[in-house]
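Reading the structure
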Amino acid sequence: MSGRDHAVVTGGAGFVGSHLVDDLVADDYRVTAVDSFASGTPENVSHHADDDRFSLLQRDVRDPLPDFDSVDVIYHFASRASPTHFDSHPIEIAMTNSLGTRHVLEAAVEHDARVVVASTSEVYGDPEVHPQPESYRGNVSPRGPRAPYDESKRFAEALSMAYVRKHDVDARTVRIFNTYGPRMQLDDGRVIPNFLSQALAGDDLTVYGDGEQTRSFCYVTDLVDGIRRLADRPGLQGAVMNVGNTNEITIRELATVVRDVVDTPSEVTYEPRPTDDPDLRCPDVSTARERLDWEPKVPLRAGLAQTADHFRTRRHEIVGSTPED
Ligand code: NAD
Ligand code: UDP
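Residues numbered from 1 in each chain as written. Chains lettered and ligands numbered in written order. Predicted model: local features only at pLDDT ≥ 70, side-chain atom pairs only at ≥ 80, totals over all residues. Heavy atoms only, no water.

The next subject is the packing of aromatic side chains. In total, this model carries four aromatic pairs according to the counting rule given. When the centroid spacing of 5.9 Å and the interplanar angle of 15° are considered together, the rings of Tyr124 and Tyr136 count as stacked. Here Tyr136 lies in the loop between strand E5 (114–120) and helix H4 (147–167) and Tyr124 lies in the loop between E5 and H4, a separation of 12 residues in the sequence. Judged on exposure class, the residue Tyr124 and its partner Tyr136 are both buried. Chaining the aromatic ring pairs together yields one cluster made of Tyr124, Tyr136 and Phe177. (Phe/Tyr/Trp six-rings, centres within 6.5 Å; stacked < 30°, edge-to-face > 60°. Helix = DSSP H or I, 4+ residues; strand = E, 2+ residues; numbered from the N terminus. Buried < 20%, exposed > 50% of the residue type's maximum accessible area, 1.4 Å probe, protein only.)

Structure follows, in structure tokens:
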């Protein structure tokens, strides 16, 4: 695919979606972001407001996509992604990933467009295979508090494959592992926004449980690079790929690194662990390495420093003063 093709990004005003928009505009795509602003904000893409290659439409993907003249590729990234939202918006999330994905796939049929569906490491649940390869079928509770997200993402994958088989749609799926970076919302509730906000405010960092659970954190530009390679390579209809960093650390270690990067007097406090919080998570990225020549590049400390800079600016904007104060 090439410049001046039309790319639609659902969730394009969100954290990952807005970075994808940047990358597509830089490649001279005509880009339409479709977003309900449920957990994203127009500010994330406001730097494109005067660019005639870009438009932002406030729409909910639980409704059919708008009538476009033509679409070449759809990046389906609409969905709240923070576990705190799994509690507060379970039905919205379940319907966004089920009905919303159907609307995206119907638009792909109509326009003969390629689709990249954002799935998640959460499809592996609390994994019994470690690290997780794409062939692992997961250990997910269909009834627990994370189920509206996990199970609807699994359904989104199943529905995508049904459209591949029944309608020959060129759908590809990216299973995203914990990704962080600028433009996450300060009150997002995920661990890196929480720890950075707390560290910058001088508050204690809230570790849930004993902090021995692990995650592997990928910087957003590495993720976007993987997503674009997955979208652009020929011959990947129906493919599914893990994209994430393989540097696995405990949450307790993460707290130490954040305190160090921010240079804060904050201490650590321990709070109860959420129900069904996975113990371990680390991607096996051999498929992306082999088929996309993709490799994550940004080390955790460098990515956290970039993200902390963004959070410093946002905190000061919110309280109405300047970053130099
Ligand atoms: P985000 O909350 O920043 O972005 C999601 C965007 O989707 C927001 O702008 C939100 O307003 C929009 N949205 C939500 N429901 C919508 C709806 N019904 N209609 C239209 N727009 C809607 O989260 P994110 O981290 O950028 O996640 C983006 C995608 O990547 C999601 O599909 C998420 O499941 C997936 N993902 C992200 C991660 C990660 O670590 N960031 C990990 C796994 C999967
Ligand atoms: N976590 C934490 N403190 C926080 C937020 C999260 O200790 O303030 C833990 C959470 O219990 C989980 C890990 O950090 O074990 C990653 O949580 P996050 O919500 O970022 O993503 P998840 O991988 O659970 O979807």
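Here we come to the pattern of salt bridges. By the definition in use, this model includes 30 salt bridges. Between Asp27 and Arg228 there is a salt bridge, with the nearest N and O atoms lying 3.0 Å from each other. Within this pair, whereas Asp27 is found in the loop between helix H1 (15–26) and strand E2 (30–35), its partner Arg228 is found in helix H6 (residues 220–232), the two being separated by 201 residues in sequence. Among the residues examined, Asp27 registers a relative accessible area of 40% and is labelled partly exposed. When its relative accessible area of 5% is taken as the criterion, Arg228 is described as buried. Across the pair Arg233 and Asp293 runs a salt bridge, and its minimum N-O distance is 3.1 Å. Note that Arg233 is positioned in the loop between H6 and strand E11 (240–243) and Asp293 in the loop between helix H8 (286–292) and helix H9 (300–319), a separation of 60 residues in sequence. For Asp293, a relative accessible area of 52% corresponds to the exposed category. Salt bridges linked by common partners bring Glu122, Arg146, Arg215, Arg273, Asp277, Asp279 and Arg281 together as one network. (Salt bridge = Lys/Arg side-chain N within 4 Å of Asp/Glu carboxyl O.)

This part is about the site of ligand 1. Neighbouring ligand 1 are 29 residues; Val16, Asp35, Ser39, Tyr149 and Thr179 lie closest to it. Separating an oxygen atom of ligand 1 from a side-chain N or O atom of Ser39 is a distance of 2.6 Å. A distance of 2.9 Å separates a nitrogen atom of ligand 1 from a polar backbone atom of Val61. Among the secondary structure elements, those contributing two or more residues to the shell around ligand 1 are H1, E5 and H4. If one sorts the elements of the shell around ligand 1 by residue count, E5 sits on top with three residues. (Near = heavy atom within 4 Å. Polar contact = N/O pair within 3.5 Å; in protein donor to acceptor, adjacent residues only side chain to side chain.)

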